[in-house]
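Below are the chains, spelled out letter by letter.
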Amino acid sequence: MRDRMDLGELLRQQHLDLDTLTPAPALPARDEQMQRILRVPPWPCSVCTGPSATACPYDSLQHGPRWVDLCWDHALLTRPPALKMPTTVEGIFADMRKLAAEFGLTMRIMTAEEFEDRAHWARRRHEEP
């Protein structure tokens with residue numbers, strides 16, 4: 001999992017020229033923000049140019065408020081973790097094991113290769129007459 005950072009840090013790290021971003025209201029109405037997010041085709045991510053999934057204003061002293069559109073990966077990178085949620089893979093697995101035990105289930109972690117192998121065999125069984 002990549003390190004989390006605030007939006008300003010992400011923009012600085014990516015050397016993003018804020019002059020290239022569209023001016024935004026300092027406090028956009030929810031409808032304005034939703035219209036930007038739901039645009040078809042979506043705005044490009046301000047960092048990687050992939051399709052954006054979120055939009056928010058970023059206010060800098062030099063440039064004023066600008067729209068920053070982010071794909072899911074970059075948006076998640078800038079979001080703080082939810083309260084009481086594990087932030088490591090080990091913490092997530094520990095929570096899942098605890099929940100499975102409460103329901104009397106067992107849990108085993110499967111690698112992507114194991115999952116693909118099982119899916120392959122399941123498709124073959126399904127295709128056989």
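An account of the accompanying structure is given in this report. None of these values were measured; they are calculated from a predicted model. (Residues numbered from 1 in each chain as written. Predicted model: local features only at pLDDT ≥ 70, side-chain atom pairs only at ≥ 80, totals over all residues. Heavy atoms only, no water.)

### A closer look at the overall build of the protein chain
For the protein chain, the count of helices and strands is five helices and two strands. From first element to last, N terminus to C terminus, the protein chain shows the α and β order α-α-β-β-α-α-α. Relative to the globule expectation of 14 Å for 129 residues, the C-alpha radius of gyration of the protein chain, 21 Å, shows a markedly less compact shape. Over its C-alpha atoms, taken along the principal directions, the protein chain stretches across nearly 60 × 40 × 30 Å. The 129 residues of the protein chain split such that 27% are buried. For the protein chain, the share of sequence-separated contacts (at least 6 apart) that also reach a separation of at least 24 residues comes to 51%. Of the accessible surface of the protein chain, which amounts to about 10,000 Å², a share of 58% is contributed by carbon and sulfur atoms. Across the protein chain, the 16 positively charged side chains and the 19 negatively charged ones have centroids separated by 4 Å. (Helix = DSSP H or I, 4+ residues; strand = E, 2+ residues; numbered from the N terminus. Rg over C-alpha atoms; globule rule 2.2 N^0.38 Å. Buried < 20%, exposed > 50% of the residue type's maximum accessible area, 1.4 Å probe, protein only. Contact = heavy atoms within 4.5 Å. Areas by Shrake-Rupley, 256 points an atom, 1.4 Å probe, with all protein chains shown as cover. Lys, Arg positive; Asp, Glu negative; His and termini not counted. Charge placed at Lys NZ, Arg CZ, Asp CG, Glu CD.)

### A closer look at the pattern of salt bridges
For the structure shown, the criterion picks out two salt bridges. Arg36 is the partner of Asp69 in a salt bridge, and the nearest nitrogen-oxygen pair spans 2.9 Å. Here Arg36 lies in helix 2 (residues 30-37) and Asp69 lies in strand 2 (residues 64-70), a separation of 33 residues in the sequence. Arg36 sits in the buried class, given a relative accessible area of 10%. Of the charged contacts in the structure, one is a salt bridge between Glu114 and Arg108, with a shortest N-O distance of 3.2 Å. The exposure class assigned to Glu114 is partly exposed, which follows from its relative accessible area of 31%. (Salt bridge = Lys/Arg side-chain N within 4 Å of Asp/Glu carboxyl O.)

### As for the environment of Met107
Relative to the assigned elements, Met107 resides in the loop between helix 4 (89-102) and helix 5 (112-127). When neighbours within four sequence positions are excluded, Met107 is seen to be in contact with Phe93, Met96, Arg97 and Ala100.

### Some words on the side chain of Thr78
Considering the arrangement of structural elements, one finds Thr78 in the loop between helix 3 (72-77) and helix 4. Sequence-distant contacts of Thr78, defined by excluding residues within four places in its chain, comprise Met5, Asp6, Leu7, Leu10 and Leu70.

### Let's talk about helix 4
Along an α-helix, residues three or four apart share an orientation, since each turn contains 3.6 residues. For helix 4, built from 14 residues, the straight-helix expectation of 20 Å at 1.5 Å per residue is met to within 8% by its first-to-last C-alpha distance of 20 Å. Positive backbone phi, approximately 70 degrees, marks Gly104, located one or two places after helix 4. (Expected span 1.5 Å × (residues − 1).)

### Some thoughts on the side chain of His74
With respect to the helices, strands and loops of the structure, His74 is situated in helix 3. In contact with His74, other than residues within four places in its own chain, are Leu10, Cys45, Val47 and Cys48.

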